[in-house]
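Residue-level structural notes
Given next are the chains, with one letter for each unit.
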Amino acid sequence: MEHKEIFDHLTALFPETGLEFDEDVPCIVVPPAAIRDVSLQVRDDEMLQFDFLMCLSGVDNADGTLGVVYHLHSVPLGHKLTLKVIVPADNPHLQSVERVWRTADWHEREAYDLVGMVFDGHRDLRRILNPYDWEGHPLRKDYEVPEFYNGMKVPY
Amino acid sequence: MSETLEALQEDIAAGRLQTDELVLNMGPQHPSTHGVLRLELVLDGEAVVKVIPHLGYLHRCFEKHAEAMTYPQVIPYTDRMDYLAAMNNNHGYALAVERLMGIEVPERVEYIRIIMAELQRIASHLVAIGTFGMDIGAFTPFLYCFRDREYILDIFERTCGARLLYNYMWVGGLSHDVHDGFEKDVAEFIRKFRPTIKEVNDLLNYNKIFIERTANVGVLPPDVAISYGCSGPMLRGSGVDFDLRRDDPYSIYDRFDWEVCVGKGDAGTVGDCWDRHMVRVWEMEQSCNIIEQALESFPEGDITEAIPKRIRPPKGEIYTRVENPRGELGYYVISDGSQNPFRVKARGPSFVNLSVIDEISRGHLIADIVAILGSVDIVLGEVDR
Amino acid sequence: MESLLQSLLGDNLLTLVLYCALPLVFLLLYALLAILGEVKISAFMQDRLGPMRTGPWGIIQPLADVLKLLQKEDVTPARADKFLFNLAPYLSFMAAYAAFAVIPFSSQYVGADLNLGAFYFLAIGSLNVAAIMMAGWASHNKYSLYGAMRSVAQIVSYEVPAAMMLVIVVLFVGSLNLQDIITAQSGPFWNWMVFGGPKADVQLASGEVLGASWTNLVFLPLFLGAFLMYYITALAETNRTPFDIPEAESELVSGYHTEYSGMKFAMFFMSEYANMFLVSAVTAILFFGGWNSPFGVYLGDIWDAQWLVGLEQFGWLAFKGLFFVFVIIWLRWTLPRLRVDQLMYMCWKVLIPFSFGIALIVGFLVVVLK
């Protein structure tokens, strides 16, 4: 199925949640509070069967919002889907899909670590690539490289 | 002290005698974590209760670096992610930017890319097979594998001057044309290499002890594999017939006749360490087939004609994935129209494949953890990026 | 041999010390050879050259290795039990060396001609277990402890079938004296135990006569099986591949000697190599005629030079022992490693029942045929 068809299919199922369709990318923009339900739906729907989360990326949009992009693939049906969630940078909370696709566990930890959005409902939201006591989220556009880490001078 | 087993069990049940779990820190410096991975093993005797991986010892901020570089300058950084399969990393990134810019590359470039990518796949699988053997305790097959890998690296060196990190596949083309006699070298290599697969089979893969150690160990059922996003030999070892080269074709893979190798559970259960290992062995054979077919119809041409003077993709974003030796390597590239990428996210197959380790390790012995980790075949450069 | 030394130096303590030190000289030379052999054999098996820089074809590489070990800093971990930590390597080597006391190197030289030789060999061999446990416990390292626990479990278990194999030969010969066991196999190679034992009456070193005839051929399959099983247990007792689980590099870094460096590591190393030769020599003694020439005659006898006979006998034993050491090395570079539970399975459910079975049949046949 193409993105547009999937969007129509999903809006029929979630008329209240306010799904939006972005023509340029193309992708479906999902509100932060609905991403879990939508994910469960696209995974379990007979017509969609998106059982494979290829990639979950955190993005700093540099306009005061953060984005989380879900690239999905269906192994049995062979089609693809992109979902997007936009959250404000000062209150970056969204639902976790860690229990929908187990691979989201580490991907969400990475997005939390590097970009700094908080995935509500994640069972083990720790930093993953940076040290556990690191401060700040390096992939934010306004991130300043610290001069010191734990009292040690960072070379550059 | 309790005199009999029954008394002992009674004491434990009554809380008079405590048993405790032991936490064993495996890594970051350990011979078989294949780099600087740290696994925190919670053990009950020799049996594993839980595995907690700690990553990041090799984190080099690839994604942060990429934002400060122009598009072509990112390519050398991609080399350093999966440093055993640098060609495939280049390929994925070059494809992503080309699709973003809408560039069609010449026929000859496609052929060279395919041959290089498949040679790199063989080289990478040879390392995986050799080191897996070493994890199980067989040292000699490791050196046999490295001996053959050397021929591939020699071919790469003759073409682009580098043996490990090539910076070879550029956006729209290649850094160099292949050297004179390239086709002869590759054909010669394939001819010499095919018997080696049998040699490794005889020495290692069908060895009774090796099968005992790897069959029925670390069984990864297909639904779990998909849920964890496993890809490559990991997913195919679990019996899922899925290969991006066939199911989401890129470059010119659809022109060749080859098979997707799938684990069949010949030695034990489908999805055990032996299956994952054997998928790699069989894939080397298929890579040889692809290379041979590509050599037959190897076209002439100019490899630089599609390389753009100025790489400045239009505003937009793309997710491109290629089949790395370790699985699905995805690049999510966002362009804001400037000469630097706005965001590059690399979805490393090792990173995703490693996340399943806790799930498939529980209840096994310490020795099996080593086997499982070896069969997952991670490259820490890519896990930590 | 002892009388020769006594006639040269007189009957004093020096003579005794020299007499006891003879195997040590041999052992040191053998260790150098074995280190070189290990690197060179593995190199040739793996399509490479091995060390080539130190001397022609790298033949003085083992000396360089020894020098390196001597120069290394002797590290003791801060929280280790220092006394046990320091004692363990020496105890380990001592255990290996003490076993050499009963190994008959020729008909003239045996450190202590005990009539309980075989029993002593088993008993002193177990001392190594204590050393390994001490090393593992005292290191204050979880890997060491795991290695030590595995090692102890493994050695203790495999001692049972090893002892049974010894008992089979002892049953047949009727003596625990290793010199007797060798004498029983004198003559050409078809008198060796692995080919069913002597085919004609022989007079043992102790003076008794062991009655034998060609009917002993019925023992051939039994002793052949016993030899193979003894060799397997020997591999396990020396912690060599495919049973090198206690020091499994890919799992436990290097097991009980993870924390050792310098001379103390060298001691463990020496004891491993000494044990390798020990079990190989015992294999040769039990099943391959010990110091007996496979042709049944000695050049010294032909040329009427008795001193040569002793040397020849030593040469044959060394040759047979080194051959089995070579096989151990060969196996190491060919086979993967078993897992700890498979190892125990192999011992308790395969080797022990079979060894008891063979012992039962041999005992029965010995009673019937004599």
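Given the structure is predicted, the values throughout are model-derived calculations rather than measurements. (Residues numbered from 1 in each chain as written. Chains lettered and ligands numbered in written order. Predicted model: local features only at pLDDT ≥ 70, side-chain atom pairs only at ≥ 80, totals over all residues. Heavy atoms only, no water.)

Points about the overall build of chain A
Put simply, the rule reads: Put simply, DSSP marks the helices as runs of H or I at least four residues long and the strands as runs of E at least two long, and each gets a number from the N terminus on. Residue exposure (1.4 Å probe, protein chains only): buried if accessible area is under 20% of the type maximum, exposed if over 50%, otherwise partly exposed. Charge assignment: positive for Lys and Arg, negative for Asp and Glu; neither His nor the chain ends contribute. Each charge is placed at NZ for Lys, CZ for Arg, CG for Asp and CD for Glu.
Counting secondary structure elements, chain A contains three helices and nine strands. Secondary structure elements of chain A occur, N-terminal to C-terminal, as α-β-β-α-β-β-β-β-α-β-β-β. Considered along the principal axes of its C-alpha atoms, chain A spans approximately 55 × 30 × 25 Å. Counting the 156 residues in chain A, one finds 51% classified as buried. Distance from the positive charge centre (14 side chains) to the negative charge centre (28 side chains) of chain A: 7 Å.

Some details on the pairing of strand β5 (residues 80-88) of chain A
If a strand is regular, its side chains alternate between the two faces of the sheet. All names here are of chain A. For the record, the criterion: The rule for pairing is simple: two strands pair if DSSP sees at least two bridges between them.
Alignment of strand β2 (residues 27-30) against β5, held across three bridges, turns out to be parallel. Of the residues in β5, the one forming a bridge with V29 is K84. In terms of strand pairing, strand β4 (residues 65-73) meets β5 through nine bridges, oriented antiparallel. Across the sheet, V68 pairs through a bridge with V85, a residue of β5. Here β4 folds back onto β5, and the loop between the two strands holds six residues, one of which, G78, carries a positive phi near 75°.

Description of the interface of chain A and chain B
The test is simple: Should any heavy atoms of two residues lie within 4.5 Å, those residues are considered in contact. Put simply, buried area is how much 1.4 Å-probe accessible surface two parts lose in total, over both of them, once they are put together. Whenever Lys or Arg places a side-chain nitrogen within 4 Å of a carboxyl oxygen from Asp or Glu, that contact is recorded as a salt bridge. Contacts described as polar in this section are N or O atom pairs within 3.5 Å, which, within protein, must combine one atom able to donate a hydrogen with one able to accept it, while residues neighboring in sequence count only if both atoms come from side chains.
Counting residues at the interface gives 39 residues for chain A and 37 residues for chain B. For the pair chain A and chain B, the summed buried surface comes to about 3200 Å²; carbon and sulfur atoms form 60% of the total. Summed over the three residues of chain A that lose the most area to chain B, namely F52(A), W106(A) and L129(A), the buried surface amounts to 23% of that side. Counting the contacts that link chain A with chain B gives five salt bridges. Of the charged contacts in the structure, one is a salt bridge between E317(B) and K84(A), with a shortest N-O distance of 2.7 Å. Linking chain A to chain B there are 17 residue pairs in polar contact (both at pLDDT 80 or more).

Observations concerning the interface of chain C and chain B
Facing the 24 residues of chain C at the interface are 35 residues of chain B. Surface buried jointly by chain C and chain B totals about 2500 Å² across both partners, of which 58% is contributed by carbon and sulfur atoms. Viewed at the interface, chain B and chain C are joined by two salt bridges. Summed over the shared surface of chain C and chain B, the number is ten residue pairs in polar contact (both at pLDDT 80 or more). If you list the elements that add at least two residues to the side of chain C that touches chain B, you get α7 (142-173), α10 (249-252) and α14 (340-369) of chain C.

Observations regarding the side chain of R276(B)
Residues and elements named next belong to chain B. Of note, R276 is situated in helix α12 (residues 273-296). Despite being buried, R276 has no salt bridge partner; D272 is the closest side chain of opposite charge, sitting 6.8 Å away. In terms of polar contacts, R276 uses its side chain to reach the backbone carbonyl oxygen of G271, at 2.9 Å. In this view, R276 contacts V217, G218, L220, P233, M234, G237, G271, I360 and S375; residues no more than four positions away in its chain are not counted.

Quick look at unusual backbone geometry
The phi dihedral of D377(B) falls on the positive side, at around 60°, and the residue is not glycine. Turning to its location among the elements, D377(B) is positioned in the loop between α15 (366-376) and α16 (380-384). Although it is not a glycine, H140(C) sits at a positive phi angle of roughly 55°. Turning to its location among the elements, H140(C) is positioned in the loop between α6 (127-138) and α7.

Considerations on the arrangement of the chains
Counting contacts across all two pairs of chains that touch, the top-ranked interface belongs to chains A and B. Taking C-alpha atoms as the reference, chain A and chain C come no closer than 25 Å and do not contact one another.

Here we look at the sheet that holds strand β7 (residues 327-335) of chain B
Residue and element names in this part refer to chain B. Put simply, the rule reads: Here the axes come from fitting lines to C-alpha atoms, over the contacting stretch only for helices, and the angles between their N-to-C directions go from 0 to 180 degrees.
Taken in spatial order, the three strands of this open sheet run β6-β7-β8, and their pairing is antiparallel. At either margin of the open sheet sits one strand with a lone partner, and together these are β6 (316-324) and β8 (343-347). In this sheet, adjacent strand axes meet at a mean angle of 10° when their direction is disregarded. Contacts from helix α4 (residues 86-101) reach β6 and β7, with the element oriented near 150° to β6.

With respect to the environment of L204(B)
Within the element layout of this structure, L204(B) appears in helix α7 (residues 182-205). On the basis of relative accessibility, which here comes to 0%, the residue L204(B) falls in the buried class. Residues contacting L204(B), with those up to four places away along its chain left out, are I129(B), G133(B), A138(B), P141(B), F210(B), H277(B) and P336(C).

Section: the confidence of the model for chain B
Rules: Confidence per residue, as judged by the predictor, is encoded in pLDDT with a range of 0 to 100.
Across chain B, pLDDT averages 86, with 99% of residues at or above 70. With pTM at 0.86, the complex prediction returns an ipTM value of 0.87.

Some points on the packing of aromatic side chains
Rule in force here: For this analysis, a ring pair means two rings from Phe, Tyr or Trp (six-membered ring only for Trp) whose centres lie within 6.5 Å, classed as stacked if their planes differ by under 30 degrees, edge-to-face if by over 60, and tilted for the remaining angles. In this scheme, the term charge over a ring applies when either NZ of a lysine or CZ of an arginine sits within 6 Å of the ring centre and within 35 degrees of the ring normal.
Taken as a whole, this structure holds 50 aromatic pairs over all chains when the rule is applied. Note on F52(A) and F242(B): the rings are 6.3 Å apart at their centroids and 45° apart in plane angle, and the pair reads as tilted. Separated into two different chains, F52(A) in strand β3 (residues 52-60) and F242(B) in the loop between α10 (233-237) and α11 (244-247) make up a pair that spans both. Judged by its relative accessible area of 5%, F242(B) is buried. When the ring of F269(C) is compared with that of Y273(C), the centres are 4.9 Å apart and the planes differ by 45°; the resulting orientation is tilted. Of this pair, F269(C) and Y273(C) both sit in helix α11 (residues 262-287), four residues apart, roughly one helical turn. Among the residues examined, F269(C) registers a relative accessible area of 26% and is labelled partly exposed. Taking the relative accessible area as the measure of exposure, Y273(C) reaches 4% and is therefore buried. Note that K141(A) overlies the ring of F342(B), its terminal NZ or CZ placed 4.0 Å from the centroid. Between K153(A) and the ring centre of F148(A), over which it is positioned, the NZ or CZ distance is 5.7 Å.

Remarks on the layout of surface pockets
Just so we agree on the cut-off: The definitions used throughout rest on a 1 Å grid laid over the protein atoms alone, on which a cavity is an enclosed set of points accommodating a 1.4 Å probe that cannot get out and a pocket is an open set flanked by protein within 12 Å on both sides along at least five of seven lines; lining residues are those having an atom within 4 Å of a point. Grid points are joined across faces, edges and corners, and a volume is the space filled by probe spheres set on the points. Residues are grouped as follows: Ala, Val, Leu, Ile, Met, Phe, Trp, Tyr, Cys and Pro are nonpolar; Asp, Glu, Lys and Arg are charged; all remaining types, including Gly, are polar.
By volume, the largest pocket amounts to about 1500 Å³. F265(C), F269(C), E272(C), Y273(C) and R332(C) are, among the 50 residues lining the largest pocket, the residues nearest its centre. Taken together, the elements giving at least two residues each to the lining of the largest pocket come down to α5 (107-136) of chain B together with α2 (13-45), α3 (61-71), α10 and α11 of chain C. Of the residues contributing to the lining of the largest pocket, the split by class is 24 nonpolar, 13 polar and 13 charged. A volume near 760 Å³ is recorded for the second largest pocket. Lining the second largest pocket are 26 residues, and of these N130(A), W134(A), V154(A), H59(B) and C61(B) sit closest to its centre.

Description of a nonpolar patch on the surface
Residues and elements named next belong to chain C. Note the threshold: Any residue with relative accessible area above 30% and no salt bridge may belong to a patch, with like charges joined within 9 Å and the nonpolar Val, Leu, Ile, Met, Phe, Trp and Tyr side chains within 5 Å. Exposure was quantified through the Shrake-Rupley algorithm and a 1.4 Å probe, taking into account, for residues, occlusion by the shown protein chains and nothing else.
Together, L49, M52, W57, I59, I60 and L63 line one region of the surface with nonpolar side chains, adding up to about 630 Å² of accessible area. Mapped onto the secondary structure, I59 falls in the loop between α2 and α3. The class for I59 is partly exposed, based on a relative accessible area of 47%.

Some thoughts on the pattern of salt bridges
Residue and element names in this part refer to chain B. What the rule picks out here adds up to 48 salt bridges over all chains. A salt bridge links R147 to D148; the nearest nitrogen and oxygen atoms lie 3.5 Å apart. For R147, a relative accessible area of 24% gives the class partly exposed. You can call D148 buried: its relative accessible area is 3%. Residue E292 is joined to R194 by a salt bridge in which the shortest nitrogen-to-oxygen separation is 2.9 Å. Of the two residues, E292 sits in helix α12 while R194 sits in helix α7, which places them 98 residues apart along the sequence.

Examining empty space enclosed by the protein
Residues and elements named next belong to chain C. Within the structure shown, the criterion is met by five cavities of 30 Å³ or more. For the largest cavity, the calculated volume is near 190 Å³. Lining the largest cavity are 16 residues, and of these F121, G125, E237, N275 and V279 lie nearest its centre. Counting only elements with at least two residues in the lining of the largest cavity, the list comes to α4 (82-99), α5 (117-125), α7, α9 (220-237) and α11. Per element, the largest residue contribution to the lining of the largest cavity is four residues, and it comes from α5.

A word on the nonpolar core
Our working rule: Joining through side-chain atoms within 4.5 Å is the link that ties buried Ala, Val, Leu, Ile, Met, Phe, Trp, Tyr and Cys residues into a set, and such a set is a nonpolar core.
Judged by nonpolar contacts, the single largest core of 169 residues is most densely connected at I28(A), Y70(A), Y168(B) and Y331(B). At 14 residues, the largest contribution of residues to this core is made by α5(B). If sequence neighbours within four positions are ignored, Y168(B) has contacts with M87(B), N90(B), I112(B), M116(B), T159(B), C160(B), G173(B), L174(B), S175(B), H176(B), D177(B) and V178(B). With 93 residues, the next largest nonpolar core counts I124(C), A234(C), I285(C) and F324(C) among its residues.

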